[in-house]
Amino acid sequence: IAASKSDVEILRKVVDILYQNKVQYEFRVCSAHRTPEMLDSILAEKNYEVIITAAGLAAALPGVVAAKTTAPVIGVPLTGAFEGLDALLSIIQMPPGIPVLTTGVNNSEEAGKTAIAILNCKAKRVTLAAAKGKSQKAIDKAKDILNAFQIPCESGATGKKDSINIQFVDINEKKPPQHTGLTIFCPTTEKDSANDAVRLLNLTKEGVWVGLNRGENAAVAAAEIMRKREELAGYRKIMRQKVEEADNEVHG
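Our subject in this report is the structure included herewith. Per-chain numbering applies: the sequence of each chain, read as written, is numbered from 1 onward. Predicted model: local features are reported for residues with pLDDT of at least 70 only, side-chain atom pairs are reported and counted for 80 or more only, and whole-chain, interface and lining totals are derived from all residues. To get the side-chain values, take all heavy atoms of the structure and skip hydrogens and water.

This paragraph deals with the nonpolar core. Ranked by size, the top nonpolar core spans 47 residues in total, and within it Ile52, Leu101, Val126, Ile164 and Phe168 carry the most contacts. Looking at which element gives the most residues to this core, the answer is helix H8 (residues 215-225), with seven residues. Residues count as neighbours in contact if any of their non-hydrogen atoms are within 4.5 Å of one another. Discounting chain neighbours no more than four positions away, the residues touching Leu101 are Val73, Ile74, Gly75, Ile118, Ile184, Val208, Trp209, Val210, Ala221 and Ile225. The nonpolar core is taken to be a set of buried Ala, Val, Leu, Ile, Met, Phe, Trp, Tyr and Cys residues, with the residues joined through side-chain atoms within 4.5 Å. Each residue's exposure class comes from its accessible area (1.4 Å probe, protein chains only) as a fraction of the maximum for that residue type: buried when under 20%, exposed when over 50%, partly exposed otherwise. Of all hydrophobic cores here, the second largest spans 19 residues; its members include Cys30, Ile42, Leu43 and Ile51. Secondary structure elements are taken from DSSP: a helix is a run of H or I of four residues or more, a strand is a run of E of two residues or more, and numbering for both begins at the N terminus.

Within the element layout of this structure, Thr189 appears in the loop between strand S7 (183-188) and helix H7 (195-203). Among the polar contacts listed, one links the side chain of Thr189 to the backbone oxygen of Lys191, at a separation of 3.4 Å. Ignoring any residue separated from it by four or fewer positions in sequence, one finds Thr189 in contact with Ile171, Asp196, Leu212 and Asn213. Any N or O atom pair separated by 3.5 Å or less is treated as a polar contact, with the protein-specific requirement of one donor-capable and one acceptor-capable atom, and with residues adjacent in sequence counted only for side-chain atom pairs.

Here we take up the packing of helix H6 (residues 136-148) against H8. A pair of packed helices is characterised by two quantities: the angle between their axes and the separation of those axes. Following both chains from N to C, one finds H6 and H8 inclined at 35 degrees, their axes separated by 7 Å at the closest point. The way H6 lies across H8 gives a crossing that is right-handed. In this structure, H6 uses Ala138, Lys141, Ala142, Ile145 and Leu146 to contact H8, whose residues at the interface are Gly215, Glu216, Ala219 and Val220. Note on residue categories: nonpolar means Ala, Val, Leu, Ile, Met, Phe, Trp, Tyr, Cys or Pro, charged means Asp, Glu, Lys or Arg, and polar means any other residue, Gly included. Here the contact of H6 with H8 is composed, by residue class, of six nonpolar, one polar and two charged. Geometry is summarised by axes, namely lines fitted to C-alpha atoms with helices restricted to the contacting stretch, and by angles between N-to-C directions that run from 0 to 180 degrees. The sense of a crossing depends on the near helix, which, turned anticlockwise from the far helix by less than a right angle, makes the crossing left-handed and, turned clockwise, makes it right-handed.

Spelled out as structure tokens, the structure:
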């Protein structure tokens, strides 16, 4: 789904990759802001296995789509202002439990390749890959979610071909480490600052990413890839109830 007509061309590479791999697809243009009812209609049409979205500037479309489905959502931030930094942050910095697998700015080719990897994925476990002694808080968040979904996981310095790999990467790294197989990158830091936003822009040029320290979102994305639809529906229900309870406290 492209957010506007001007975004269509950037998704042509995705179409080429899907066509080459004989994957059935639909290509739509829909705005989260201007045509929200149309978006609901598109998502209700079929049980899509993967949804790829591209948007720039405020870039709400990928996050809104992710809120409405338990299928994996891949977001492509587009250059509109600030070299695409605004779109990147809008897409990648999702709240806990609602992940968008985010590519680098304008990197629709990565989105297509990741979609193929997701469709072909038969992994039954997750590998949590990180340098020893690093990223423990983010790792613990991921473990809690994986345990809740009863997804087997193991830890190691690197990922494995037969796993969905969650690779934790220090925000100060210059580029993501070498990885094996289907990998979700999670940037981490002990104490974040505004300068980290620019580091994130450079770090995310390769691969697909979740937000800073969002180990739980990487784990939820893994559950989506594993098609844990029933468990995800229950998880979403609990999240929704918490918001409704907070509303009742305020509104009465």
